[in-house]
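Structural overview for review
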Amino acid sequence: ALTAALAVWCDILPWLRSTDPSLFKRVRLGSNPGGEGAAWQLSVFLRNHCPVHAPKKSVEPGVIYRGSKWHSDGKPIPLTVSFIPGKITDHNMLGDDYAEMLKMQSGERAAQLLDGCWCRLEGAYFSFLRPEYVQPYQLIDDQWWWTHFISIDYGYGSSSAAAGLYAVNESGRIFKIGEIIEKKMGSVDFARKICDEWIAPKDATIYPTTDGQRMRIVCCFMDPANDANIGNGKTNMELMGEEFSKYDVDIVPASKGRVANAQRLLDGLQNAGLVVCDTCPETYKSLTTRMHAEKTSDVKKIHGDPLDDIYDEN
């Protein structure tokens, strides 16, 4: 539904036309904070930050901005945008008891409707996450001899290819320290990009090295669906594996249980066994905008959303 709604917006906007140059063309969108679809509204109108709790990183109400991009594919929007907040105190048509009634809503819902807070999304799977959860990479003191691994969710066409780089310290705490997201990139080219950015030794890098040697990367986890062999050709896993083998990095099939994986991720994030670093801004955006599936304990699947592919990689 979300992907379809975004497609409708993209289709409608080109028809905002007039032969009268004196007419001012405008589209107005009204919405409450949170709920499904809030991710793209945050991206397009609010710079992905709550205007109440992160005003310096968000936008100034009423100011006209240029340079917004579509949340789905990162393409620029050739229109100006502006955020105009509307609070309960702006009018008196709802009755004197309305504010008190709203306070009976759940914690995040009350904050959304009373204060205009966009920090928590209604129905968010990882609703406890906050910006302060993200740690600066330079402060974790990553060492070359720590265990590092790569995780890949490869997609082409409507899906994106996503990869994550992780570091495990001496106590077993996992830090996500790198992310790569590409759309419509062939599997071999994607593997080469990962190797070039994370595995191949280089002179200038933010990641730890010693005597010209790269950090210790033990393996690469990958969706076993990429090992499906149809016909006599090589599988995606084999094709990508040939690139990683040049650096003695093996591919290991990852777990396919979506519900179990979601719960493990939930537990790791809640207990700080898994920490996202500031080098992975799209990962934090993905986690904070994932919604509950309607009838299961899973995260709702949103086809065509790059943030969905980033989530699947975690």
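In this report, the structure presented in the accompanying data block is examined. In this numbering scheme, every chain counts its residues from 1 along its sequence in written order. In keeping with the predicted nature of the model, local features appear solely for residues at pLDDT of at least 70, side-chain atom pairs appear and are counted solely at 80 or more, and the whole-chain, interface and lining totals rest on all residues. The basis for every side-chain value is the complete set of heavy atoms in the structure, and neither hydrogens nor water enter the calculation.

Here, disulfide denotes a covalent bond that connects the sulfur atoms of two cysteines. Counting rule for disulfides: a pair of cysteine sulfur atoms within 2.5 Å. A full pass over the atoms with the stated rule returns 0 disulfides. No disulfide involves Cys195; its sulfur sits 8.6 Å from the nearest other cysteine sulfur, which is in Cys220. Working definition: with a 1.4 Å probe on protein chains only, accessible area under 20% of the residue-type maximum means buried, over 50% means exposed, and in between means partly exposed. Taking the relative accessible area as the measure of exposure, Cys195 reaches 2% and is therefore buried. The closest cysteine sulfur to the non-disulfide-bonded Cys219 is located on Cys220, 7.3 Å from its own sulfur. Owing to a relative accessible area of 11%, Cys219 belongs among the buried residues under this scheme.

This part takes up the nonpolar core. Side chains that are nonpolar tend, in soluble globular proteins, to be buried together. Residues grouped as a nonpolar core are buried Ala, Val, Leu, Ile, Met, Phe, Trp, Tyr and Cys residues, joined through side-chain atoms within 4.5 Å. One finds Phe126, Ile152, Phe190 and Phe244 to be the most contacted residues of the largest nonpolar core, which totals 51 residues. Here, residues are in contact when the closest pair of their heavy atoms is within 4.5 Å. Non-local contacts of Ile152, meaning those with residues more than four positions away in its chain, are made with Ala162, Ala163, Phe190, Ile194, Cys220, Phe221, Met222, Asp223, Met240, Phe244 and Glu313. Among the nonpolar cores identified, the runner-up in size contains 18 residues, and Ala38, Leu42, Val44 and Ala124 belong to it.

Two packed helices can be described by the angle between their axes and the distance between those axes. To obtain each axis, a line is fitted to C-alpha atoms, and for helices this fit is confined to the stretch in contact; angles are then taken between N-to-C directions over 0 to 180 degrees. Numbered from the N terminus, helices here are DSSP runs of H or I no shorter than four residues, and strands are runs of E no shorter than two. Helix α6 (residues 236-245) packs onto helix α5 (residues 187-199) with a crossing angle of 30 degrees between their chain directions and a minimal axis gap of 9 Å. When the axis of α5 is compared with that of α6, the two are roughly parallel. Once α5 is placed against α6, the crossing between them reads as right-handed. The residues of α6 that touch α5, namely those facing Ser187, Val188, Phe190, Ala191, Arg192, Ile194, Cys195 and Ile199, are Asn236, Leu239, Met240, Glu243 and Phe244. Residues that form the contact of α5 with α6 fall into these classes: 9 nonpolar, 2 polar and 2 charged. We call two directions roughly parallel when the angle between them is under 35 degrees, roughly antiparallel when it is over 145, roughly perpendicular when it lies between 65 and 115, and oblique otherwise. Crossings are assigned a handedness: left-handed for a near helix turned anticlockwise from the far helix by less than a right angle, right-handed for a clockwise turn. Gly falls in the polar group here, along with every residue not listed as nonpolar (Ala, Val, Leu, Ile, Met, Phe, Trp, Tyr, Cys, Pro) or charged (Asp, Glu, Lys, Arg).

Another aspect to go through is the pattern of salt bridges. By convention in these notes, a salt bridge is any Lys or Arg side-chain nitrogen within 4 Å of a carboxyl oxygen on Asp or Glu. Scanning the model with the defined rule gives 14 salt bridges in all. A salt bridge links Lys176 to Glu313; the shortest N-O distance between them is 2.5 Å. Note that Lys176 is positioned in strand β5 (residues 174-183) and Glu313 in helix α9 (residues 306-313), a separation of 137 residues in sequence. On the accessibility criterion, Lys176 (1% relative accessible area) is buried. Across the salt bridge formed by Lys301 and Asp308, the nearest N and O atoms sit 2.7 Å from each other. Overall, Lys301 belongs to the partly exposed group, its relative accessible area being 33%.

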